[in-house]
Amino acid sequence: MGKIAVYPGSFDPITFGHIDIVGRALECFDGVIVAIATDSQKNTLFTVEERVEMARLGLREKPDVVVESFQGLLVDYVARTKATVILRGLRATSDFDYEFHMASTNKSLNENVETLFMMASKDFCFVSSRTIKEVASLNGSVKGLVPECVERKLKERFEAMRKKSQR
Ligand code: PNS
């Protein structure tokens with residue numbers, strides 16, 4: 001078995017920023033497991049099944065990538081996959097505090113698991129799932145920032161929410 005990295009997150013929804021990180025990680029690792037947290041601390045817009053489906057579609061052209069959901073502690077999931085590396089993307093210094101705490105907690109839970117960071121590329125350093133959702137909820141265009149299947153799904157979801165609130 002080669003070197004495998006686990007790339008965890010909420011992926012609510014997957015963006016081209018995430019996809020760019022996976023593509024570049026494949027230059028460094030033999031495979032990448034995109035691990036979508038079932039129990040995210042965040043109140044997610046999409047169910048875990050929807051998030052997995054969008055990520056699989058968005059990543060379908062990349063070889064050596066597996067997308068699955070996980071429950072419970074990330075380090076326990078990583079140990080079960082036999083990977084030893086957690087991969088996270090970093091956009092700006094504002095990400096650092098959160099990432100530092102998460103990497104330190106994971107290290108204290110399992111010292112055999114390393115967290116590695118990859119800088120977001122300049123084209124996507126401003127892209128986050130949170131702002132994508134905000135723009136889409138206000139009818140703005142997110143073209144070029146997320147795969148088409150995600151664009152469609154966001155449109156459908158916010159249209160349904162708008163209709164429901166008008167009832
Ligand atoms: O994309 P996100 O929301 O920043 O990802 C955060 C995520 C899902 C990686 C993190 O919340 C996580 O690892 N959750 C699983 C539970 C866990 O292991 N918590 C302890 C580490 S802080």
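The notes below deal with the structure included here. Just so it is clear, the model here is predicted, and its values are computed rather than measured. (Residues numbered from 1 in each chain as written. Predicted model: local features only at pLDDT ≥ 70, side-chain atom pairs only at ≥ 80, totals over all residues. Heavy atoms only, no water.)

1. Overview of helix α4 (residues 93-109)
Over its 17 residues, α4 extends 25 Å from the first C-alpha to the last, a length consistent with the 24 Å expected when each residue adds 1.5 Å. Of all the bends found along α4, the most pronounced is centred on E99 and spans about 30°. For α4, every residue scored as buried is listed here: D95, E99, A103 and N106. (Helix = DSSP H or I, 4+ residues; strand = E, 2+ residues; numbered from the N terminus. Expected span 1.5 Å × (residues − 1). Bend = angle between axes of the 7 residues up to and from the residue. Buried < 20%, exposed > 50% of the residue type's maximum accessible area, 1.4 Å probe, protein only.)

2. A short note on the site of the ligand
Looking at the ligand, there are 13 residues lining it, with S10, K42, L74, R88 and Y98 nearest. One of the side-chain N or O atoms of R88 is found 3.0 Å from an oxygen atom in the ligand. In this structure, an oxygen atom belonging to the ligand sits 2.7 Å away from a side-chain N or O atom of Y98. With the chains in place, 80% of the 540 Å² that the ligand exposes on its own is no longer accessible. Here the ligand occupies the largest pocket. Those elements giving two or more residues to the shell around the ligand turn out to be β1 (4-9) and α4. Here the element with the most residues in the shell around the ligand is α4; it accounts for three residues. A class-by-class count of the residues in the shell around the ligand yields seven nonpolar, four polar and two charged. (Near = heavy atom within 4 Å. Polar contact = N/O pair within 3.5 Å; in protein donor to acceptor, adjacent residues only side chain to side chain. Areas by Shrake-Rupley, 256 points an atom, 1.4 Å probe, with all protein chains shown as cover. 1 Å grid on protein atoms, 1.4 Å probe; cavity = no way out; pocket = protein on both sides within 12 Å on 5 of 7 lines; lining within 4 Å. Sits in = over half its atoms within 2 Å of the grid points. Nonpolar A, V, L, I, M, F, W, Y, C, P; charged D, E, K, R; others polar.)

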